[in-house]
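One letter stands for each residue in the lines below.
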Amino acid sequence: MDWTGKRALVTGAGKGIGRATAIMLAQRGATVVALTRNPDDLASLSQEIQCETICMDLVNVDAISEKVTSVLPVDMLVNCAGTTILQSFISSNVQDFNHVLNVNTVAPMVLAQVIIRDWLSRGLKGAIVNVSSDAARRGLASHTAYCASKAALDAITRVMAVELGSAGVRVNSVNPTVTLTPMGELAWSDPLKAGPVKARIPLERFLAPTEVAEAILFLLSDEASMVTGISLPVDGGLAIS
Ligand code: NDP
(Lines give C-alpha, C1' and ligand atoms only; values in the text may rest on other atoms or scores of the structure.)
Protein backbone atom coordinates (compact mmCIF):
# COMPACT_ATOMS: atom_id res chain seq x y z
CA MET A 1 0.00 0.00 0.00
CA ASP A 2 1.34 3.40 -0.97
CA TRP A 3 -0.15 6.36 0.87
CA THR A 4 1.88 9.07 -0.85
CA GLY A 5 -0.12 12.29 -1.08
CA LYS A 6 -2.69 11.14 1.51
CA ARG A 7 -3.32 12.76 4.87
CA ALA A 8 -4.43 10.73 7.89
CA LEU A 9 -5.61 11.99 11.27
CA VAL A 10 -4.82 9.44 14.00
CA THR A 11 -6.03 9.92 17.57
CA GLY A 12 -4.27 8.27 20.47
CA ALA A 13 -1.10 8.48 18.42
CA GLY A 14 1.15 8.98 21.42
CA LYS A 15 1.37 5.35 22.47
CA GLY A 16 0.37 1.80 21.67
CA ILE A 17 -1.83 0.95 18.71
CA GLY A 18 -2.33 4.57 17.63
CA ARG A 19 1.39 5.24 17.58
CA ALA A 20 2.06 2.02 15.62
CA THR A 21 -0.64 3.05 13.13
CA ALA A 22 0.77 6.56 12.74
CA ILE A 23 4.29 5.25 12.16
CA MET A 24 3.13 2.62 9.67
CA LEU A 25 1.09 5.16 7.68
CA ALA A 26 4.04 7.56 7.59
CA GLN A 27 6.48 4.82 6.56
CA ARG A 28 4.14 4.07 3.64
CA GLY A 29 4.03 7.67 2.45
CA ALA A 30 1.13 9.34 4.28
CA THR A 31 1.27 12.68 6.01
CA VAL A 32 0.08 12.00 9.55
CA VAL A 33 -1.75 14.41 11.81
CA ALA A 34 -1.19 12.95 15.27
CA LEU A 35 -3.61 13.78 18.07
CA THR A 36 -3.05 12.98 21.73
CA ARG A 37 -3.00 14.81 25.06
CA ASN A 38 0.64 14.32 26.08
CA PRO A 39 3.01 16.91 24.50
CA ASP A 40 6.10 14.78 25.18
CA ASP A 41 4.60 11.90 23.18
CA LEU A 42 3.83 14.27 20.31
CA ALA A 43 7.36 15.66 20.40
CA SER A 44 8.98 12.21 20.26
CA LEU A 45 6.60 11.04 17.52
CA SER A 46 7.18 14.10 15.37
CA GLN A 47 10.92 13.52 15.64
CA GLU A 48 10.36 9.96 14.44
CA ILE A 49 7.95 10.62 11.54
CA GLN A 50 7.75 14.41 11.08
CA CYS A 51 4.00 14.54 11.64
CA GLU A 52 1.65 17.44 12.22
CA THR A 53 0.30 17.47 15.77
CA ILE A 54 -2.79 18.35 17.78
CA CYS A 55 -2.44 18.33 21.56
CA MET A 56 -5.79 17.98 23.30
CA ASP A 57 -7.76 15.89 25.75
CA LEU A 58 -10.64 14.37 23.79
CA VAL A 59 -12.84 14.29 26.88
CA ASN A 60 -13.44 17.96 26.02
CA VAL A 61 -15.68 17.08 23.11
CA ASP A 62 -16.84 20.67 22.66
CA ALA A 63 -13.28 21.71 21.77
CA ILE A 64 -12.81 19.12 19.00
CA SER A 65 -14.16 21.13 16.09
CA GLU A 66 -11.98 24.18 16.76
CA LYS A 67 -8.83 22.09 17.34
CA VAL A 68 -9.23 19.99 14.21
CA THR A 69 -10.55 22.43 11.60
CA SER A 70 -7.11 23.94 10.89
CA VAL A 71 -5.63 20.58 9.75
CA LEU A 72 -8.38 19.82 7.25
CA PRO A 73 -8.75 18.33 4.74
CA VAL A 74 -7.59 14.84 5.64
CA ASP A 75 -8.32 11.71 3.59
CA MET A 76 -8.55 9.26 6.48
CA LEU A 77 -9.47 9.20 10.16
CA VAL A 78 -8.39 6.61 12.73
CA ASN A 79 -10.27 7.02 16.02
CA CYS A 80 -7.87 5.13 18.29
CA ALA A 81 -7.67 7.06 21.58
CA GLY A 82 -9.39 5.11 24.31
CA THR A 83 -9.59 4.85 28.05
CA THR A 84 -11.16 2.83 30.83
CA ILE A 85 -12.03 3.16 34.50
CA LEU A 86 -12.32 -0.21 36.19
CA GLN A 87 -15.39 -0.44 38.42
CA SER A 88 -17.71 -3.29 39.27
CA PHE A 89 -21.18 -2.79 37.84
CA ILE A 90 -22.66 -2.19 41.28
CA SER A 91 -20.12 0.52 42.13
CA SER A 92 -20.14 2.21 38.70
CA ASN A 93 -20.96 5.89 38.97
CA VAL A 94 -22.42 8.19 36.36
CA GLN A 95 -19.51 10.63 36.30
CA ASP A 96 -16.92 7.96 35.50
CA PHE A 97 -19.29 6.22 33.08
CA ASN A 98 -19.77 9.48 31.19
CA HIS A 99 -16.01 10.11 31.15
CA VAL A 100 -15.31 6.76 29.47
CA LEU A 101 -18.22 7.21 27.04
CA ASN A 102 -17.05 10.73 26.17
CA VAL A 103 -13.52 9.61 25.25
CA ASN A 104 -14.37 6.25 23.64
CA THR A 105 -17.64 7.00 21.89
CA VAL A 106 -18.71 10.65 21.82
CA ALA A 107 -15.29 12.03 20.79
CA PRO A 108 -14.96 9.61 17.83
CA MET A 109 -18.48 10.54 16.74
CA VAL A 110 -17.88 14.30 16.97
CA LEU A 111 -14.49 14.05 15.27
CA ALA A 112 -16.00 12.02 12.44
CA GLN A 113 -18.80 14.57 12.08
CA VAL A 114 -16.30 17.41 11.70
CA ILE A 115 -14.30 15.52 9.09
CA ILE A 116 -17.26 14.16 7.15
CA ARG A 117 -18.90 17.60 6.96
CA ASP A 118 -15.63 18.82 5.45
CA TRP A 119 -15.59 15.91 2.95
CA LEU A 120 -19.19 16.60 1.94
CA SER A 121 -18.57 20.32 1.46
CA ARG A 122 -15.50 19.63 -0.71
CA GLY A 123 -17.04 16.67 -2.57
CA LEU A 124 -14.35 14.32 -1.23
CA LYS A 125 -14.59 10.64 -0.37
CA GLY A 126 -12.83 9.12 2.62
CA ALA A 127 -12.35 6.22 5.00
CA ILE A 128 -12.68 5.99 8.76
CA VAL A 129 -11.58 3.23 11.13
CA ASN A 130 -12.83 3.22 14.70
CA VAL A 131 -10.69 1.22 17.12
CA SER A 132 -13.18 -0.77 19.13
CA SER A 133 -12.47 -3.94 21.12
CA ASP A 134 -13.54 -7.53 21.58
CA ALA A 135 -15.12 -6.06 24.73
CA ALA A 136 -17.85 -4.68 22.45
CA ARG A 137 -19.44 -8.13 22.25
CA ARG A 138 -18.46 -9.53 25.64
CA GLY A 139 -19.32 -9.01 29.29
CA LEU A 140 -16.05 -8.30 31.06
CA ALA A 141 -16.20 -7.95 34.83
CA SER A 142 -15.41 -4.41 36.05
CA HIS A 143 -15.71 -3.04 32.50
CA THR A 144 -19.30 -1.72 32.46
CA ALA A 145 -18.47 1.62 30.87
CA TYR A 146 -15.75 0.24 28.60
CA CYS A 147 -17.92 -2.57 27.18
CA ALA A 148 -20.82 -0.14 26.71
CA SER A 149 -18.60 2.44 25.02
CA LYS A 150 -17.15 -0.02 22.52
CA ALA A 151 -20.52 -1.66 21.73
CA ALA A 152 -21.90 1.82 21.08
CA LEU A 153 -18.91 2.64 18.88
CA ASP A 154 -19.61 -0.45 16.75
CA ALA A 155 -23.28 0.56 16.51
CA ILE A 156 -22.37 4.08 15.40
CA THR A 157 -19.95 2.59 12.86
CA ARG A 158 -22.82 0.70 11.24
CA VAL A 159 -25.12 3.74 11.16
CA MET A 160 -22.37 5.86 9.62
CA ALA A 161 -21.71 3.22 6.97
CA VAL A 162 -25.39 3.07 6.01
CA GLU A 163 -25.89 6.84 5.91
CA LEU A 164 -22.63 7.78 4.18
CA GLY A 165 -22.06 5.00 1.67
CA SER A 166 -23.74 6.97 -1.11
CA ALA A 167 -21.25 9.80 -0.48
CA GLY A 168 -18.31 7.42 -0.94
CA VAL A 169 -17.42 7.37 2.76
CA ARG A 170 -16.48 3.98 4.22
CA VAL A 171 -16.57 3.39 7.98
CA ASN A 172 -15.38 0.26 9.76
CA SER A 173 -14.15 -0.77 13.18
CA VAL A 174 -11.45 -3.15 14.34
CA ASN A 175 -12.01 -5.24 17.44
CA PRO A 176 -8.72 -6.43 18.91
CA THR A 177 -8.28 -8.67 21.90
CA VAL A 178 -5.37 -8.20 24.34
CA THR A 179 -2.68 -6.20 22.59
CA LEU A 180 0.82 -5.92 24.02
CA THR A 181 1.22 -2.19 24.21
CA PRO A 182 3.66 -1.17 26.95
CA MET A 183 0.77 -1.12 29.42
CA GLY A 184 -0.54 -4.42 28.08
CA GLU A 185 2.88 -6.01 28.62
CA LEU A 186 2.71 -4.95 32.26
CA ALA A 187 -0.87 -6.04 32.79
CA TRP A 188 -0.41 -9.45 31.16
CA SER A 189 3.14 -10.39 32.12
CA ASP A 190 1.99 -12.88 34.76
CA PRO A 191 1.65 -16.30 33.04
CA LEU A 192 -0.92 -17.37 35.63
CA LYS A 193 -3.20 -14.54 34.51
CA ALA A 194 -2.34 -14.67 30.81
CA GLY A 195 -2.33 -18.45 30.36
CA PRO A 196 -6.08 -19.15 30.58
CA VAL A 197 -6.88 -16.23 28.26
CA LYS A 198 -4.31 -17.30 25.67
CA ALA A 199 -5.66 -20.83 25.89
CA ARG A 200 -9.00 -19.58 24.52
CA ILE A 201 -7.30 -17.94 21.51
CA PRO A 202 -6.86 -20.42 18.62
CA LEU A 203 -3.59 -18.74 17.58
CA GLU A 204 -2.48 -19.04 21.25
CA ARG A 205 -0.95 -15.61 21.77
CA PHE A 206 -1.72 -11.96 22.28
CA LEU A 207 -1.33 -9.28 19.60
CA ALA A 208 1.47 -6.90 18.78
CA PRO A 209 0.30 -3.30 18.16
CA THR A 210 1.58 -3.55 14.59
CA GLU A 211 -0.81 -6.45 13.93
CA VAL A 212 -3.76 -4.22 14.79
CA ALA A 213 -2.24 -1.39 12.74
CA GLU A 214 -2.00 -3.65 9.67
CA ALA A 215 -5.73 -4.41 9.93
CA ILE A 216 -6.49 -0.70 10.29
CA LEU A 217 -4.41 0.14 7.22
CA PHE A 218 -6.18 -2.55 5.20
CA LEU A 219 -9.59 -1.10 6.08
CA LEU A 220 -8.39 2.40 5.20
CA SER A 221 -6.98 1.28 1.87
CA ASP A 222 -8.51 1.03 -1.60
CA GLU A 223 -7.98 -2.74 -1.29
CA ALA A 224 -10.99 -2.61 1.06
CA SER A 225 -13.01 -0.51 -1.39
CA MET A 226 -16.19 -2.60 -0.94
CA VAL A 227 -15.83 -3.13 2.82
CA THR A 228 -17.94 -0.89 5.05
CA GLY A 229 -19.88 -1.17 8.28
CA ILE A 230 -17.99 -4.15 9.65
CA SER A 231 -16.49 -4.78 13.08
CA LEU A 232 -13.41 -6.82 12.24
CA PRO A 233 -12.17 -9.13 14.99
CA VAL A 234 -8.37 -8.96 15.22
CA ASP A 235 -8.12 -11.58 17.87
CA GLY A 236 -6.37 -14.75 16.75
CA GLY A 237 -9.76 -16.42 16.42
CA LEU A 238 -11.09 -15.68 19.92
CA ALA A 239 -14.47 -14.54 18.60
CA ILE A 240 -15.20 -17.93 17.04
CA SER A 241 -13.63 -20.18 19.68
P1 NDP B 1 -2.45 3.15 25.05
O2 NDP B 1 -2.82 3.56 26.43
O3 NDP B 1 -1.19 2.42 24.80
O4 NDP B 1 -2.50 4.43 24.09
C5 NDP B 1 -3.64 5.23 24.06
C6 NDP B 1 -3.29 6.57 23.49
O7 NDP B 1 -4.49 7.37 23.49
C8 NDP B 1 -2.28 7.30 24.36
O9 NDP B 1 -1.45 8.09 23.57
C10 NDP B 1 -3.19 8.15 25.24
O11 NDP B 1 -2.58 9.27 25.82
C12 NDP B 1 -4.25 8.56 24.24
N13 NDP B 1 -5.44 9.00 24.93
C14 NDP B 1 -6.12 8.34 25.89
N15 NDP B 1 -7.12 9.08 26.34
C16 NDP B 1 -7.07 10.24 25.65
C17 NDP B 1 -7.84 11.43 25.68
N18 NDP B 1 -8.85 11.59 26.55
N19 NDP B 1 -7.53 12.44 24.84
C20 NDP B 1 -6.49 12.32 23.98
N21 NDP B 1 -5.71 11.22 23.91
C22 NDP B 1 -6.00 10.19 24.75
O23 NDP B 1 -3.72 2.31 24.53
P24 NDP B 1 -3.82 1.16 23.43
O25 NDP B 1 -2.93 1.41 22.29
O26 NDP B 1 -3.75 -0.12 24.15
O27 NDP B 1 -5.34 1.35 23.00
C28 NDP B 1 -5.70 2.04 21.81
C29 NDP B 1 -7.13 1.69 21.50
O30 NDP B 1 -7.25 0.29 21.34
C31 NDP B 1 -8.11 2.08 22.61
O32 NDP B 1 -9.28 2.61 22.04
C33 NDP B 1 -8.39 0.77 23.31
O34 NDP B 1 -9.65 0.75 23.91
C35 NDP B 1 -8.29 -0.20 22.14
N36 NDP B 1 -8.00 -1.58 22.52
C37 NDP B 1 -6.83 -1.89 23.18
C38 NDP B 1 -6.56 -3.21 23.52
C39 NDP B 1 -5.30 -3.59 24.24
O40 NDP B 1 -5.23 -4.75 24.74
N41 NDP B 1 -4.28 -2.76 24.33
C42 NDP B 1 -7.50 -4.29 23.18
C43 NDP B 1 -8.69 -3.84 22.50
C44 NDP B 1 -8.91 -2.53 22.18
P45 NDP B 1 -2.02 9.18 27.36
O46 NDP B 1 -0.81 8.30 27.31
O47 NDP B 1 -1.73 10.60 27.69
O48 NDP B 1 -3.13 8.59 28.18
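This is a predicted model, so every value here is computed, not measured.

Caption draft 1: Quick peek at the packing of helix α4 (residues 94-122) against helix α5 (residues 144-164). At a minimum axis distance of 8 Å, the contact between α4 and α5 shows a crossing angle of 15°. Here α4 is positioned roughly parallel relative to α5, judged by the angle of their axes. In this structure, α4 meets α5 at a crossing whose hand is right-handed. Note on element contacts: α5 touches α4 through T144, A145, Y146, A148, S149, K150, A152, L153, I156, M160 and L164, opposite F97, V100, L101, N104, T105, P108, M109, A112 and I116. For the contact of α4 with α5, the per-class residue count stands at 15 nonpolar, four polar and one charged.

Caption draft 2: Just the site of the ligand, in detail. Not every one of the 26 residues close to the ligand is listed here, only the nearest: K15, R37, D57, Y146 and T179. A distance of 2.5 Å separates an oxygen atom of the ligand from a polar atom in the side chain of K15. Between an oxygen atom of the ligand and a main-chain N or O atom of T179, the distance comes to 2.7 Å. Within the complex, the protein chains bury 87% of what would otherwise be the 890 Å² of accessible surface of the ligand. Among the elements of the structure, α1 (16-27) and α5 are those that each provide at least two residues to the shell around the ligand. Broken down by class, the residue content of the shell around the ligand amounts to 11 nonpolar, 11 polar and four charged.

Caption draft 3: Geometry of the UniProt feature "domain: Ketoreductase" (unreviewed entry) in the protein. On the UniProt side, "domain: Ketoreductase" (unreviewed entry) is annotated at positions that read residues 6-170 here. Helix makes up 48% of residues 6-170 and strand 16%, and the two end C-alpha atoms of the span are 16 Å apart.

Caption draft 4: Molecular detail of helix α2 (residues 39-49). Taken as a whole, α2 has its buried residues at D41, L42, L45 and I49. For α2, the angular spread of the buried residues around the axis is 95°, confining them to a single face. Exposed and facing more than 90 degrees away from the buried side of α2 are P39, D40 and Q47. Residues of α2 that are buried make contact with α1, β2 (31-36) and β3 (52-55). For α2, the side-chain oxygen to backbone nitrogen distance between the N-cap and D40 is 2.8 Å, and the N-cap itself is N38. Q50 lies just past α2 and shows a positive phi near 55°.

Thresholds, definitions, all that
- Residues numbered from 1 in each chain as written.
- Predicted model: local features only at pLDDT ≥ 70, side-chain atom pairs only at ≥ 80, totals over all residues.
- Heavy atoms only, no water.
- Axes fitted to C-alpha atoms, helices over the stretch in contact; angles between N-to-C directions.
- Helix = DSSP H or I, 4+ residues; strand = E, 2+ residues; numbered from the N terminus.
- Parallel < 35°, antiparallel > 145°, perpendicular 65-115°, else oblique.
- Left-handed = near helix turned anticlockwise from the far one by under 90°.
- Contact = heavy atoms within 4.5 Å.
- Nonpolar A, V, L, I, M, F, W, Y, C, P; charged D, E, K, R; others polar.
- Near = heavy atom within 4 Å.
- Polar contact = N/O pair within 3.5 Å; in protein donor to acceptor, adjacent residues only side chain to side chain.
- Areas by Shrake-Rupley, 256 points an atom, 1.4 Å probe, with all protein chains shown as cover.
- UniProt positions renumbered as here; feature names shortened; annotations may be inferred.
- Buried < 20%, exposed > 50% of the residue type's maximum accessible area, 1.4 Å probe, protein only.
- Arc of directions from axis to C-beta.

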